[in-house]
Amino acid sequence: MIVVMIIVTGANGKLGRAVVEQLLKRVPAEQIAVSVRDQNKAQDLKDLGVRVRPGDFDDAASLLHAFEGASQVLIVSSGILGEAGIRQHQTAIDTAKKAGAGRVLYTSHMGSSPSSHFPPMLNHAATEELLKASGIAYTAIRNGFYAASAVMLIGRAIKTGELIAPEDGPVAWTSHSDLAEATAAIIAAIISEQKFDSLTPNLTASEAIDMDGITAIASEIIGKPIRRIVVSDEEYRDHLKSQGLPEDRAKMLMGMFIASRNGDFAQASSALATLIGRTPMSISEVLKESLSHQLG
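(A) Structural context of the pattern of salt bridges. Within this structure, the stated rule accounts for 11 salt bridges. Here R278 ties to E181 by a salt bridge, and the two come within 2.8 Å at their closest N and O atoms. Residue R278 is located in the loop between α11 (271-276) and α12 (283-295), and its partner E181 is located in helix α7 (residues 176-191); the two are separated by 97 residues in the primary sequence. The shortest N-O distance in the salt bridge between E247 and K241 comes to 3.8 Å. For K241, a relative accessible area of 45% corresponds to the partly exposed category. The structure contains a network of salt bridges with shared partners spanning D168, D212 and R228.

(B) Structural context of α7. Between the first and last C-alpha of α7 there are 23 Å, a value that for 16 residues agrees with the 22 Å anticipated at 1.5 Å per step. By the criterion of burial, α7 is predominantly enclosed, with 14 of the 16 residues buried.

(C) Quick look at the side chain of T139. By the secondary structure assignment, T139 is in strand β6 (residues 137-143). The buried category is assigned to T139, whose relative accessible area is 0%. Within the local environment of T139, its side chain forms a polar contact with the side chain of R103, the two groups lying 2.9 Å apart.

(D) Molecular detail of the side chain of N202. Inspection of the secondary structure puts N202 in the loop between β8 (198-199) and α8 (211-222). Once residues lying within four places of it in the same chain are set aside, the contact partners of N202 are M110, R142, Q267, S269 and A271.

(E) Representation of the layout of surface pockets. By volume, the largest pocket amounts to about 1,200 Å³. Lining the largest pocket are 44 residues, with V76, S77, S78, G79 and I80 sitting closest to its centre. If you list the elements that add at least two residues to the lining of the largest pocket, you get α1 (14-23), β2 (32-36), α4 (82-98), β5 (103-109), α5 (119-134), α6 (147-160) and α10 (247-261). When the residues that make up the lining of the largest pocket are grouped by side-chain class, the tally is 18 nonpolar, 19 polar and 7 charged.

(F) Seen up close, the environment of D178. Looking at the element boundaries, D178 is found in helix α7. Judged by relative accessible area, which is 1%, D178 ranks as buried. Through-space distance from the C-alpha of D178 to that of V19 is 9.6 Å; in sequence the pair is 159 residues apart. Beyond its immediate chain neighbours, meaning those up to four positions away, D178 contacts L272, I276, R278, P280 and M281. A polar contact is formed between the side chain of D178 and the side chain of R278, at a distance of 2.7 Å.

(G) Seen up close, empty space enclosed by the protein. Applying the stated criterion to the full structure yields 1 cavity of 30 Å³ or more. Put simply, the largest cavity is a space of about 40 Å³. For the largest cavity, the full set of lining residues is D168, G169, V171, W173, M211, M256, F257 and S260. Residue contributions to the lining of the largest cavity peak at 3 residues, all from α10. A class-by-class count of the residues in the lining of the largest cavity yields 5 nonpolar, 2 polar and 1 charged.

(H) Up close: the packing of aromatic side chains. Applying the stated criterion to the full structure yields 5 aromatic pairs. Aromatic side chains F118 and F265 sit 6.1 Å apart centroid to centroid with 80 degrees between the ring planes, which places their arrangement in the edge-to-face category. Separated by 147 residues along the polypeptide, F118 in the loop between β5 and α5 and F265 in the loop between α10 and α11 bring together distant segments of the chain. Each member of the pair F118 and F265 is classed as buried. Between F145 and F265, the ring centres sit 4.7 Å apart and the planes meet at 65 degrees, which makes this aromatic pair edge-to-face. In this pair, F145 is assigned in the loop between β6 and α6 and F265 in the loop between α10 and α11, connecting sequence segments 120 residues apart. For the pair F145 and F265, one class covers both residues: buried. Through a chain of ring-to-ring contacts, three or more aromatic side chains come together here, namely F118, F145, W173 and F265.

(I) Inspection of α10 at higher detail. For α10, with 15 residues, the first-to-last C-alpha span of 21 Å sits near the 21 Å given by 1.5 Å per residue. Buried residues along α10 sit in contact with α5, α6, β7 (162-166), α8 and α9 (233-242).

Parameters at a glance
Residues numbered from 1 in each chain as written. Predicted model: local features only at pLDDT ≥ 70, side-chain atom pairs only at ≥ 80, totals over all residues. Heavy atoms only, no water. Salt bridge = Lys/Arg side-chain N within 4 Å of Asp/Glu carboxyl O. Helix = DSSP H or I, 4+ residues; strand = E, 2+ residues; numbered from the N terminus. Buried < 20%, exposed > 50% of the residue type's maximum accessible area, 1.4 Å probe, protein only. Expected span 1.5 Å × (residues − 1). Polar contact = N/O pair within 3.5 Å; in protein donor to acceptor, adjacent residues only side chain to side chain. Contact = heavy atoms within 4.5 Å. 1 Å grid on protein atoms, 1.4 Å probe; cavity = no way out; pocket = protein on both sides within 12 Å on 5 of 7 lines; lining within 4 Å. Points joined across faces, edges and corners; volume = space filled by probe spheres on them. Nonpolar A, V, L, I, M, F, W, Y, C, P; charged D, E, K, R; others polar. Phe/Tyr/Trp six-rings, centres within 6.5 Å; stacked < 30°, edge-to-face > 60°.

Shown next, in the form of structure tokens:
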């Protein structure tokens, strides 16, 4: 009998941990292994029967140990941008192949493009090319834009009463929990020999909403108005610098707004709803849940 072993990297992170929790509902714990930098933070998974091993994208030998016996490896994208992050992904792909994995899955993005103004999209596009060139079967999971970013932006605005940002465009804000459920569903389907080759459709919530809409929703939830103030790109950069944001972080936020007004994140799809068998969480529901915690 062939033993299926699913390896999940970054399982102490928000998305990786949620994927493992969803997998535990679908496959036996002994068929799940995680690669983490800090094993102590994954003790709860170990207690459930998940194999926990140390693994670092900058240490191929540690990954090879963590990936031992792999049938599938889910590479949760690194938080490191630029060439360093792409090298980490190359190491993870090469090591998965060396470990004998039959398939590599990767948490990509709906806006993946080598010409995007939003820096993370360049890494996603480059990694998709690495997967294509690897010779191993792969699935690039094109996640919708994380709704957590909208929560972060509106969280600041609630404190000041103003959401100061440049012109933007609609974004298909999507919850981590729905994407984790979809990822686990894809992995389980592959075990059953259903095909999820190359790129998935965009996995998004059912609608795309701009910052005007986000501001209106948040105002209604907290019961007091938040002003949406549109500034020029230059003014926004200056505003971010005045808050003490590092240059790379300011560039990333600026790039997000430019990419959104170019329509990079606007295309909502029904693929996520089909995978999870229900309507995905709306940004209104995500904000209501998050802000209720913040406001106590």
